[in-house]
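If you want the building blocks of each chain, they are given just below.
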Amino acid sequence: MSSILEVKNLSVSFRIYDKGLKRRDLKVISNLNVSVRQGEILAVAGSSGSGKSLLAHAVLGILPGNAAVEGEIFYGGEPLTVKRVKSLRGYEIALVPQSVEYLDPLMKVGKQITKDKSAAASVFKRYKLNLNVAGMYPFQLSGGMTRRVLCATAVVSGAKLIIADEPTPGMSKELADRAMKHFRDLADAGAAVMLITHDLDLALGYADRIAVFYAGTTVETAFAADFEREEKLRHPYTKALWRAIPQNGFQPAPGSQPYAGSLPEGCLFAPRCDMKTNECVSGVIKPRTVRGGEVCCLYAD
Ligand SMILES: Nc1ncnc2c1ncn2[C@@H]1O[C@H](COP(=O)(O)OP(=O)(O)OP(=O)(O)O)[C@@H](O)[C@H]1O
Ligand code: SF4
Ligand SMILES: [Mg+2]
């Protein structure tokens with residue numbers, strides 16, 4: 001199946017100024033690779049600060065002005081330039097943003113979702129939103145309801161690429177499953193869905209592949225089915241995530257992700273990895289294909 005979105009060697013740095021107004025470039029994403037194919041849900045998992053939202057914003061061309069971007073982004077096989085993404089945003093490429101601040105506070109919810117009344121009615125029904133919500137302003141909604149409105153807004157346009165950034169927090173299990181099912185239906189109808197989530201367990205029930213982010217880079221892209229058993233996974237960090245899932249023992253991985261600005265040399269996971277050798281800490285670890293998945297680890301087999 002062909003990739004609708006292909007991100008190659010993406011790096012994002014922020015230009016920041018220290019106390020003495022000394023300029024510094026803070027690299028928050030480095031050598032990140034990810035692709036989303038037509039008809040699939042690619043879940044992006046990784047802890048807070050691993051670069052998930054920034055990837056979404058880089059694709060949509062909505063990073064702040066002090067961000068410098070390197071690498072390549074292709075959409076439908078062609079480079080996704082700033083000009084091109086501007087014309088596709090909100091139509092072919094839709095975002096379910098992580099922050100509820102993306103809704104216009106002064107516009108009634110119904111108008112923000114769509115002008116097409118029949119499309120609005122079906123999407124409201126799907127997300128169990130009462131039709132009178134259309135006449136409300138964003139501040140009148142609860143958090144969970146706002147998320148449902150954000151999902152509805154993004155998916156009503158018939159987009160080919162949907163990027164959903166943490167679409168389910170604040171939703172009950174039933175509503176979260178309903179939202180996931182909707183993304184699944186959109187993918188089955190031919191869209192490409194990038195689903196950014198903390199809830200790996202929920203995502204595994206609906207996604208085709210999982211991209212695992214760590215400290216601003218992709219360490220592994222595995223098939224959802226690989227999460228059936230730890231041995232099917234490739235990277236030590238993915239295996240640690242697997243062990244942290246409730247039904248696999250709920251064991252948190254010791255240590256924490258390094259901060260941007262103080263990243264280690266070589267493999268970014270090396271300080272926490274008990275398989276590390278001297279080879280791991282010299283130079284960038286390039287992605288390799290292992291058992292059909294992609295992994296950035298010298299010793300994955
Ligand atoms: N405007 C900015 N200036 C400087 N650093 C930033 C900026 N925006 C984000 N960052 C940093 O970039 C890193 C990645 O941020 P990002 O928001 O992509 O994380 P995330 O994976 O989406 O986390 P979460 O799961 O909490 O949403 C973080 O360390 C964050 O502090
Ligand atoms: S490259 Fe080395 S340090 Fe990094 S995950 Fe693999 S074994 Fe561990
Ligand atoms: Mg985020």
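A brief look at the structure comes next. This one's a predicted model, so the numbers in the text were calculated from it and none came from an experiment.

1. What about the site of ligand 2?
Reasoning step 1: With respect to spatial proximity, the complete set of residues near ligand 2 consists of His 235, Pro 236, Cys 267, Ala 270, Cys 273, Met 275, Lys 276, Cys 280, Cys 297, Leu 298 and Tyr 299.
Reasoning step 2: When atom positions are compared with the pocket grids, ligand 2 is found to occupy the largest cavity.
Reasoning step 3: Residues that form the shell around ligand 2 fall into these classes: 9 nonpolar, 1 polar and 1 charged.

2. Concerning a nonpolar patch on the surface
Reasoning step 1: A grouping of Met 275, Leu 298 and Tyr 299 is seen on the molecular surface, where their side chains present a nonpolar patch of about 260 Å² in accessible area.
Reasoning step 2: With respect to the secondary-structure elements, Tyr 299 resides in the segment after strand 12 (293–295).

3. A few points about the pattern of salt bridges
Oppositely charged side chains are able to pair whenever their charged atoms sit close together.
Reasoning step 1: This model, assessed by the stated rule, comprises 16 salt bridges.
Reasoning step 2: The salt bridge involving Lys 181 is made with Asp 185; its shortest N-O contact spans 3.1 Å. With Lys 181 and Asp 185 both in helix 6 (residues 173–188) and 4 residues apart, this pair spans about one turn of that helix.
Reasoning step 3: Assessed through its relative accessible area of 45%, Lys 181 is described here as partly exposed.
Reasoning step 4: Among the residues examined, Asp 185 registers a relative accessible area of 26% and is labelled partly exposed.
Reasoning step 5: Two residues, Glu 231 and Arg 229, come together in a salt bridge whose shortest N-O distance is 3.2 Å.
Reasoning step 6: Classification of Arg 229 as partly exposed rests on a relative accessible area of 44%.
Reasoning step 7: Taken together, the shared-partner salt bridges in this structure form one network comprising Arg 15, Arg 23 and Asp 25.

4. Some thoughts on the sheet that holds strand 2 (residues 23–37)
Reasoning step 1: Read across the sheet, 4 strands follow the order 2-1-4-5 without closing on themselves; strand pairing throughout is antiparallel. What marks the edges here is a single partner per strand, and that holds for strand 2 and strand 5 (78–79).
Reasoning step 2: Where strand 4 (residues 67–75) meets strand 5, 2 bridges bridge the pair, whose relative direction is antiparallel. The residue of strand 5 that forms the bridge with Tyr 75 is Glu 78.
Reasoning step 3: Running over the sheet, helix 1 (residues 52–60) touches strand 1 (3–17), strand 2 and strand 4 and is turned about 105° from strand 1.

Here is what the cut-offs are and how they apply
- Residues numbered from 1 in each chain as written.
- Chains lettered and ligands numbered in written order.
- Predicted model: local features only at pLDDT ≥ 70, side-chain atom pairs only at ≥ 80, totals over all residues.
- Heavy atoms only, no water.
- Near = heavy atom within 4 Å.
- 1 Å grid on protein atoms, 1.4 Å probe; cavity = no way out; pocket = protein on both sides within 12 Å on 5 of 7 lines; lining within 4 Å.
- Sits in = over half its atoms within 2 Å of the grid points.
- Nonpolar A, V, L, I, M, F, W, Y, C, P; charged D, E, K, R; others polar.
- Patch = residues over 30% accessible without salt bridge, like charges linked within 9 Å, V, L, I, M, F, W, Y side chains within 5 Å.
- Areas by Shrake-Rupley, 256 points an atom, 1.4 Å probe, with all protein chains shown as cover.
- Salt bridge = Lys/Arg side-chain N within 4 Å of Asp/Glu carboxyl O.
- Helix = DSSP H or I, 4+ residues; strand = E, 2+ residues; numbered from the N terminus.
- Buried < 20%, exposed > 50% of the residue type's maximum accessible area, 1.4 Å probe, protein only.
- Pairing = 2+ DSSP bridges.
- Contact = heavy atoms within 4.5 Å.
- Axes fitted to C-alpha atoms, helices over the stretch in contact; angles between N-to-C directions.

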